[in-house]
Structures are given as structure tokens and as C-alpha cells.
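Survey of secondary and tertiary structure
Here is how the chains run, residue by residue.
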Amino acid sequence: MYWIYNVLLIFYWIGLIPVILYRLAFEDGFYERIKKSAGYMPATLLKIWIHAASVGEIVATSPLVKEIKREFPEAVVVVSVVTATGHAMAHRIIPEAEGIIFFPLDLPYLTRKILHIINPIAILLVETEIWPNFLRIAESEKIPVMMVNGRISDRSMKRYRYISAFTREMLSSIERF
């Protein structure tokens, strides 16, 4: 099932090449975003990785980061986002995070590369951010993954039923909910 997902993902990104080229030419900061999503980031980032997709999840993440830093002041916290607005919001409301990055493209090579660069002792997913390769590789690297405040809507559940074996495998890689 992963090979189907990966083939579809590659075709998706190939189809987006014109959009990416346009955004590279006309959108401020897009080059840095793509560069970081492809795994080029400082090698000094370590320890706890919190993934929050966009603005809403970032707002929910802020108190979590503050509490982690209060309880474990030596912890290095990396927060990843998917959207540019989430990235800007994270910089604004989570100054305690040592790193704020764009989430890697969910391709096996890039995911493994970034997991090795960050080398987290734990990954916290805020809301229901389920990325198949990310979860599979984190599990194979023995990095515990926990879901914070996650839920699956009735609409999503109907779609997940069509790929229940795949969904079950992905969700089983999450150690704590």
C-alpha cells in the first residue's frame, strides 16, 4: 500500500512543478520553505519534535511548548508546520521553540533524512496530522509518536474505511493518544 501512496505522491509533486516554479519566482520566502521541506536545515536541532499543521494547531501548541520548557528547561523543542501562515504564527507566539521548520515532504528519503538531522527522542502530533511515511519511518527508527488532541471526523472515518488496513497500520505506529 505504501508503494501506491509513494507513486501517487511523486506524480502529485511532478504535477505541481509549474506551481512551484511560479511561487519560487513570485512569493517571498518560498525558496526557504521548499529548501527546508527538502531537508536542508541546521544540524543543531535535536530532541522533541512537535508537528502542528497550521495556525489553529500552532495556537494549541503554544501552551504545550511552554509547559515542556517549564518542566524540562534543557529540552530542545522543534515545531514543524505545513503552511506559511502557521510558520509565521509559530515564530510570533512560540519564542521558546529552538527550531521552527516546515514539515518535510512525506517522501521516504526526505523524511528519514530530516528525522536523522533532528534526532528527536519523541514526536508529538497536534490534532490529526497523519503522514504515512513519517509515521512508518519514525516507528522503524524507534521514535515514540504521540497524538495530542487528535480526532477523526465522521467524514474522514468513512474515507478511512476504504483503506482500513492501511489506516490501521498507520494508527498502530502511534504509541499514545
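These notes cover the structure that comes with them.

Definitions and limits used
Residues numbered from 1 in each chain as written. Predicted model: local features only at pLDDT ≥ 70, side-chain atom pairs only at ≥ 80, totals over all residues. Heavy atoms only, no water. Phe/Tyr/Trp six-rings, centres within 6.5 Å; stacked < 30°, edge-to-face > 60°. Helix = DSSP H or I, 4+ residues; strand = E, 2+ residues; numbered from the N terminus. Buried < 20%, exposed > 50% of the residue type's maximum accessible area, 1.4 Å probe, protein only. Axes fitted to C-alpha atoms, helices over the stretch in contact; angles between N-to-C directions. Parallel < 35°, antiparallel > 145°, perpendicular 65-115°, else oblique. Left-handed = near helix turned anticlockwise from the far one by under 90°. Contact = heavy atoms within 4.5 Å. Nonpolar A, V, L, I, M, F, W, Y, C, P; charged D, E, K, R; others polar.

Attention now moves to the packing of aromatic side chains. Tallying each qualifying case throughout the model produces six aromatic pairs. With centroids separated by 4.8 Å and ring planes inclined at 65°, the aromatic side chains of Phe-103 and Phe-134 adopt a geometry described as edge-to-face. With Phe-103 in the loop between strand E3 (99–102) and helix H6 (108–118) and Phe-134 in helix H7 (residues 132–140), this pair connects stretches of sequence that are 31 residues apart. For Phe-134, a relative accessible area of 1% puts it in the buried group. Counting every residue linked through ring pairs, the aromatic cluster contains Trp-49, Phe-103, Trp-131 and Phe-134.

Orientation of H6 relative to H7, taken along the N-to-C sense of each, is 50°, at an axis distance of 9 Å. For the element pair H6 / H7, the angle class is oblique. For H6 against H7, the interelement crossing comes out right-handed. Touching Pro-108, Thr-111, Arg-112 and Leu-115 of H6 are Asn-133, Phe-134, Arg-136, Ile-137, Ala-138 and Ser-140, all from H7. Split by residue class, the contact of H6 with H7 holds five nonpolar, three polar and two charged.

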